[in-house]
Amino acid sequence: GNSVTQMEGPVTLSEEAFLTINCTYTATGYPSLFWYVQYPGEGLQLLLKATKADDKGSNKGFEATYRKETTSFHLEKGSVQVSDSAVYFCALSDQGGSEKLVFGKGTKLTVNP
Amino acid sequence: SAVISQKPSRDICQRGTSLTIQCQVDSQVTMMFWYRQQPGQSLTLIATANQGSEATYESGFVIDKFPISRPNLTFSTLTVSNMSPEDSSIYLCSVSLGGGYEQYFGPGTRLTVT
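Everything quoted here is computed from the prediction, not taken from an experiment.

Peer 1: Just checking my understanding: could you explain the pairing of strand S4 (residues 23–26) of chain A for this structure?
Peer 2: Note on strand geometry: in a regular strand, side chains alternate between the two faces of the sheet. All names here are of chain A. Burial of S4 is one-sided: the residues Cys-23 and Tyr-25 facing one way are buried, the residues Thr-24 and Thr-26 facing the other way are not. Note that strand S1 (residues 3–6) and S4 share four bridges and pair antiparallel. Opposite Ser-3, over in S4, you have Thr-26 as the bridge partner.

Written out as structure tokens, the structure is:
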């Protein structure tokens, strides 16, 4: 079945550091890929998405590129802020009609001033 | 996107009782989903709820424990029945707006069972 493997956390960075959170997937067909963010005490928010190979999703300074050849969708940001402290989830959607989302385990990011 | 609200936002319940969680969307949607997020864990899909049909449950979840209603295109409920401490989790509803298959989530209901 479909699955998502995410870099284990937690990750602790200083403000303005470069961020990479690795995500790889296993899927049949051509899934859509997503990054969701969960700020402390809140629900999940869609951060960015990509629906086909070589698409780059971007939002709030975060980027991720859909790499079919390496089955990856790594999240990057060039300069993190304290306000980016949250849990980040990589997910894929089965485009086979069920529209179910499969999530990775999540990576907790803490950014210190 | 969609604006999704859930009630209650949190509750503390005694074991053996049941709690019904409501999910309201500000637009008509075909597919709604219910997830469970156990403490410090990722999200696990409980069931998919389409209006006008029975909910489809994922492996490990059964209708007797998690009955779901979907009376119209903007509303759904999830009941957690005969609760035990293992049911302590955040329960989230989400909707799919089609197109790119992304889902939008409600704020969640934080349930503690004592």
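So much for the structure itself; the text now carries on.
Peer 1: Explain the layout of surface pockets to me, please; I cannot follow it from the model alone.
Peer 2: Think of a ball as big as a water molecule: rolled over the atoms, this probe shows where empty space is left. If you add up the space inside the largest pocket, you get close to 580 Å³. If you trace the largest pocket, you find 34 residues lining it, with Val-87 and Phe-89 of chain A together with Gln-37, Gly-40 and Gln-41 of chain B closest to the centre. Elements represented by at least two residues in the lining of the largest pocket include exactly S1, strand S10 (86–93) and strand S12 (107–112) of chain A together with strand S9 (89–96) and strand S11 (109–113) of chain B. Take the lining of the largest pocket: its biggest share by element is four residues, from S12 of chain A. Taken together, the residues of the lining of the largest pocket sort by class into twelve nonpolar, 17 polar and five charged. Computed from the structure, the second largest pocket encloses a volume of approximately 290 Å³.

Peer 1: Sorry if this is basic, but what is going on with the state of the cysteines here?
Peer 2: Put plainly, two cysteines are in a disulfide when a covalent bond ties their sulfur atoms together. With the rule as written, the count across this model stands at two disulfides over all chains. The disulfide partner of Cys-23 of chain A is Cys-90 of chain A, and the S-S distance across this bridge is 2.0 Å. Since a negative S-S torsion denotes a left-handed disulfide, the Cys-23 of chain A-Cys-90 of chain A link at about -70° is left-handed. Here the residue Cys-23 of chain A occupies a position in strand S4, and Cys-90 of chain A occupies one in strand S10, the gap between them amounting to 67 residues. The class for Cys-23 of chain A is buried, based on a relative accessible area of 1%. In this structure Cys-90 of chain A comes out as buried when scored by relative accessible area, which is 1%. One disulfide bridge connects Cys-23 of chain B with Cys-93 of chain B, the sulfur atoms lying 2.0 Å from each other. A torsion of 70° about the S-S bond marks the disulfide between Cys-23 of chain B and Cys-93 of chain B as right-handed. Within this pair, whereas Cys-23 of chain B is found in strand S3 (residues 19–25), its partner Cys-93 of chain B is found in strand S9, the two being separated by 70 residues in sequence. On the basis of relative accessible area, Cys-23 of chain B is assigned to the buried category, the value being 0%. On the accessibility criterion, Cys-93 of chain B (0% relative accessible area) is buried. Free of any disulfide, Cys-13 of chain B has its nearest cysteine sulfur in Cys-93 of chain B, 17 Å distant.

Peer 1: I would appreciate a short explanation of the side chain of Gln-6 of chain A in the present structure.
Peer 2: All names here are of chain A. Along the chain, Gln-6 falls in strand S1. Judged by its relative accessible area of 9%, Gln-6 is buried. In this structure the side chain of Gln-6 is engaged in a polar contact, spanning 3.1 Å, whose partner is the backbone nitrogen of Cys-90. Engagement of the side chain of Gln-6 in a polar contact is seen with the backbone nitrogen of Gly-106, the distance being 3.1 Å.

About the thresholds
Residues numbered from 1 in each chain as written. Chains lettered and ligands numbered in written order. Predicted model: local features only at pLDDT ≥ 70, side-chain atom pairs only at ≥ 80, totals over all residues. Heavy atoms only, no water. Buried < 20%, exposed > 50% of the residue type's maximum accessible area, 1.4 Å probe, protein only. Helix = DSSP H or I, 4+ residues; strand = E, 2+ residues; numbered from the N terminus. Pairing = 2+ DSSP bridges. 1 Å grid on protein atoms, 1.4 Å probe; cavity = no way out; pocket = protein on both sides within 12 Å on 5 of 7 lines; lining within 4 Å. Points joined across faces, edges and corners; volume = space filled by probe spheres on them. Nonpolar A, V, L, I, M, F, W, Y, C, P; charged D, E, K, R; others polar. Disulfide = S-S within 2.5 Å. Polar contact = N/O pair within 3.5 Å; in protein donor to acceptor, adjacent residues only side chain to side chain.

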